Amino acid sequence: MNTYFARPIAPSALARLRVTDDAGRACVPYTATDGGHPLRCCLRLSEPGERIALVSYAPLRRWAAETGATPGAYDEQGPVFIHAEDCGGPAPSEEYPFSRTGALRTLRRYDTAGRIVGGRLLELPETPAEGFDKALAEAFADPAVALVHVRAVEYGCFHFEVRRP
Ligand SMILES: [Zn+2]
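Residues numbered from 1 in each chain as written. Predicted model: local features only at pLDDT ≥ 70, side-chain atom pairs only at ≥ 80, totals over all residues.

**Describing the domain arrangement of the protein chain**
- Structurally, the protein chain comprises domain 1 (11-83) and domain 2 (104-163).
- If you look at the interface, domain 1 gives 15 residues, while domain 2 gives 14 residues.
- Put simply, the parts of the chain that give the side of domain 1 that touches domain 2 at least two residues each are helix H2 (59-67) and strand S5 (78-83).
- Top element by residues in the side of domain 1 that touches domain 2 is H2. It accounts for four residues.
- Looking at the side of domain 1 that touches domain 2 residue by residue, the class counts come to twelve nonpolar, two polar and one charged. (Domains from an automatic or database assignment. Contact = placed C-beta atoms within 7 Å. Helix = DSSP H or I, 4+ residues; strand = E, 2+ residues; numbered from the N terminus. Nonpolar A, V, L, I, M, F, W, Y, C, P; charged D, E, K, R; others polar.)

Right, dumping it as structure tokens:
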């Protein structure tokens, strides 16, 4: 099993994003003829023919609303794919989501106030789970770090959140 828990977008946030996204735009679901879209509701790639939507999501803002943090200018939003309807969330997995040897990720670290306290680049090794475990252990070794955002390097898009265990 993974040492750290990769969090999908919470069901309550998904319910709202499926109406209006975090940029205030209406959700526009569509049937994707192709697959391979990274879905942040169930942390897997989409299959051709699934009903999905591309919405703006503000992960730090959503977390701050739960914890009372005040990320201020660090609050940002970006595009994520989600299922158009409730999908039941992720199936239990031995792997971190969207893991592929050679893929480039950034791990951004935030403190309890929601401010950035560091980050690093990660090229996923032969065994991606070991690479994630090591990089996340390194992040949480800093007592100031409350949560980590994992993002794709090329598109900059948010993949998943890991909170201090
Ligand atoms: Zn889903």
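**Section: the environment of Glu76**
- As for its position among the elements, Glu76 is in the loop between H2 and S5.
- Accessibility expressed as a C-beta count within 10 Å gives 16 for Glu76, which makes it partly exposed.
- Put simply, Glu76 and Lys134 are 58 residues apart on the chain and 26 Å apart in space, counted from C-alpha to C-alpha.
- Filtering out sequence-adjacent residues up to four positions away, Glu76 remains in contact with Ala58 and Leu60. (Buried ≥ 20, exposed ≤ 12 C-beta atoms within 10 Å, placed from the backbone.)

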